[in-house]
Amino acid sequence: MLKIGLTGGIGSGKSRVAELLAGWGAEVIDADAIAHALTAPGGAAMEAVVAAFGEQARTPEGALDRAYMRDLVFRQPGARHRLEAILHPLIQQQSADRAAAAAARPGDARPPYIVFVVPLLVESGHWRDRVDRVCVVDCDPETQVARVAVRSGLSRETVERVMAAQIDRGSRLAAADDIIDNDGSVSPDCLSRQARALHDAWRAGTRSTPQK
């Protein structure tokens, strides 16, 4: 079964693209959603996180304190690698298990292809060999900042710090087999047409370059 790695910088719109693909029958496995479950109250990663970073990394409700960890990662770059060393193996295993379950479904219940939504796909170095194609949802930096500020209420400085911690736009695009343009000028219909063209190509097992 064809495996697609869907990625893009923060605020690029990859979640919207994933929703479209899922609506057309693709099996979508979201690494961020898995990570949130692993770090929710009682999540499988929380004891290891607390052992590595202390009780201050856990909220009173028992979940990962994301604001604390975000600040720690920016102040101590090594903290990000320690957190990833805990989360990434668990995310990869759960992703593989879900993909295997989807591929084993009978008949019409079997999806035409599998999409792994991985924000740090290019940066991780672990995912490229696990997928057949990499699709990048791309947009300009100003659009990223504006979208994230509206969505999350984060300051421009915080958003730019997050962007700086991700791989640069040019390197991400260089790793792409397929690109979806989602700049601020791209309409929802245009985004849908691009995603649909790729969906049809992936379902058929061929390559396509969608046009606006």
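Everything below is about the structure printed above this text.
Report follows, based on the coordinates. Source: prediction; values computed, not measured.

1. Topic: the overall build of the chain
Across its full length, the chain carries 10 helices and 5 strands. For the chain, whose C-alpha radius of gyration is 18 Å, the value lies close to the compact-globule estimate of 17 Å for 212 residues. Dimensions of the chain, computed from C-alpha atoms along their principal axes, come out at roughly 50 × 40 × 25 Å. Residues counted as buried form 43% of the 212 residues belonging to the chain. Put simply, of all contacts in the chain between residues at least 6 apart along the chain, 71% involve residues at least 24 apart.

2. A word on the state of the cysteines
Taken as a whole and judged by the stated rule, the model has 0 disulfides. With no disulfide of its own, C139 lies 13 Å from the sulfur of C135, the closest cysteine sulfur. Residue classification places C139 among the buried residues on the basis of a relative accessible area of 3%. As a non-bridged cysteine, C190 has C139 as the owner of its nearest cysteine sulfur, 13 Å distant.

3. Notes on helix 10 (residues 188-204)
Every α-helical turn comprises 3.6 residues, leaving residues that sit three or four positions apart pointing alike. In a regular helix each residue adds 1.5 Å, so 17 residues correspond to 24 Å; helix 10 covers 24 Å between its end C-alpha atoms and thus fits that length. All buried positions along helix 10 are accounted for by C190, L191, Q194, A195, L198, H199, A201 and W202. Residues of helix 10 that are buried in the fold lie against strand 1 (3-7), helix 1 (14-23), strand 4 (133-138) and strand 5 (178-181). Immediately beyond the C-terminal end of helix 10, within one or two residues, lies G205, with a positive phi of roughly 75°.

4. With respect to the packing of helix 4 (residues 66-75) against helix 8 (residues 156-165)
Look at helix 4 against helix 8: their axes get within 11 Å of each other, and the N-to-C directions meet at 60°. Here helix 4 lies oblique to helix 8, going by the angle between them. As for the relative orientation of helix 4 and helix 8, their crossing is left-handed in sense. From helix 4, R70, D71 and F74 reach across to helix 8, where they touch T158, R161, V162 and A165. Taken together, the residues of the contact of helix 4 with helix 8 break down into 3 nonpolar, 1 polar and 3 charged.

5. Some words on the nonpolar core
Nonpolar side chains tend to gather and get buried jointly when the protein is soluble and globular. Judged by nonpolar contacts, the single largest core of 31 residues is most densely connected at V49, F53, M69, I91 and F116. Listing elements by their share of this core, those giving two or more residues are helix 2 (31-38), helix 3 (46-53), helix 4, helix 5 (77-103), strand 3 (114-117) and strand 4. With 7 residues, the single largest contributor to this core is helix 5. The contacts of F116, once residues within four sequence positions are left out, are K3, I4, G5, L6, I29, S95, A99, W127 and V131. In this structure, V17, V115, V186 and L198 belong to the second largest nonpolar core, which totals 19 residues.

6. Comments concerning the side chain of E84
Here E84 shows up in helix 5. Once residues lying within four places of it in the same chain are set aside, the contact partners of E84 are P89 and L120.

7. Description of the pattern of salt bridges
Two side chains bearing opposite charge may form a pair once their charged atoms approach each other closely. Evaluation of the coordinates by the stated rule reveals 13 salt bridges. For D71, the salt bridge goes to R75, with nearest N and O atoms at 2.7 Å. Remark: R75 and D71 occur in helix 4; sequence separation between them is 4 residues, near one turn of the helix. Residue classification places D71 among the partly exposed residues on the basis of a relative accessible area of 34%. Classification of R75 by relative accessible area gives partly exposed; the value is 48%. A salt bridge links R128 to D177; the shortest N-O distance between them is 2.9 Å. Residue R128 is located in the loop between helix 6 (121-124) and strand 4, and its partner D177 is located in the loop between helix 9 (169-174) and strand 5; the two are separated by 49 residues in the primary sequence. Overall, the relative accessible area of 34% leaves R128 in the partly exposed class. Classification of D177 by relative accessible area gives partly exposed; the value is 21%. Each of the salt bridges in this network shares a partner with another, and the network as a whole consists of E47, E55 and R58.

What counts, and at which threshold
- Residues numbered from 1 in each chain as written.
- Predicted model: local features only at pLDDT ≥ 70, side-chain atom pairs only at ≥ 80, totals over all residues.
- Heavy atoms only, no water.
- Helix = DSSP H or I, 4+ residues; strand = E, 2+ residues; numbered from the N terminus.
- Rg over C-alpha atoms; globule rule 2.2 N^0.38 Å.
- Buried < 20%, exposed > 50% of the residue type's maximum accessible area, 1.4 Å probe, protein only.
- Contact = heavy atoms within 4.5 Å.
- Disulfide = S-S within 2.5 Å.
- Expected span 1.5 Å × (residues − 1).
- Axes fitted to C-alpha atoms, helices over the stretch in contact; angles between N-to-C directions.
- Parallel < 35°, antiparallel > 145°, perpendicular 65-115°, else oblique.
- Left-handed = near helix turned anticlockwise from the far one by under 90°.
- Nonpolar A, V, L, I, M, F, W, Y, C, P; charged D, E, K, R; others polar.
- Core = buried A, V, L, I, M, F, W, Y, C linked by side-chain atoms within 4.5 Å.
- Salt bridge = Lys/Arg side-chain N within 4 Å of Asp/Glu carboxyl O.

As far as function goes, none of this settles anything; it's purely spatial.
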